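# Remarks on the overall topology
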Amino acid sequence: MNRLREWLLKIILRKEVPDMAVVYATLIVKGKKTIEQVPALIREQVREILADLEVEVG
């Protein structure tokens, strides 16, 4: 079910899922959000962005 949802979001939103991952990563860096507050659908993408920025998350 999760893969189906992700596939549908990619089709419907096209580029917006990666864009939202960047938004959430920025909010985490600024201390406004935590990784637990990121939707599960894009959490791994956010972790990858944070790793590229060398930001430690729990």
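So, here's what we can say about the structure. (Residues numbered from 1 in each chain as written. Predicted model: local features only at pLDDT ≥ 70, side-chain atom pairs only at ≥ 80, totals over all residues. Heavy atoms only, no water.)

### A few points about the overall build of the chain
Assigned secondary structure in the chain consists of three helices and zero strands. Helices (α) and strands (β) of the chain occur, in sequence order from the N terminus, as α-α-α. Looking at the chain residue by residue over its 58 residues, the buried ones come to 17%. Within the chain, contacts between residues separated by at least 24 positions form 37% of all contacts whose residues are at least 6 apart in sequence. Of the roughly 4600 Å² of accessible surface on the chain, 56% is carried by carbon and sulfur atoms. (Helix = DSSP H or I, 4+ residues; strand = E, 2+ residues; numbered from the N terminus. Buried < 20%, exposed > 50% of the residue type's maximum accessible area, 1.4 Å probe, protein only. Contact = heavy atoms within 4.5 Å. Areas by Shrake-Rupley, 256 points an atom, 1.4 Å probe, with all protein chains shown as cover.)

### Considering helix α3 (residues 40–52)
Taking 1.5 Å per residue, 13 residues should reach 18 Å; α3 reaches 19 Å between its end C-alpha atoms and fits that length. For α3, the complete set of buried residues consists of I42, V46 and L50. Considered in projection along α3, the buried side chains sweep an arc of 90° and stay on one side of the axis. Residues E44 and D52 are exposed on α3 and point more than 90 degrees away from its buried face. Positive backbone phi, at 60°, marks E54, one or two positions downstream of α3. (Expected span 1.5 Å × (residues − 1). Arc of directions from axis to C-beta.)

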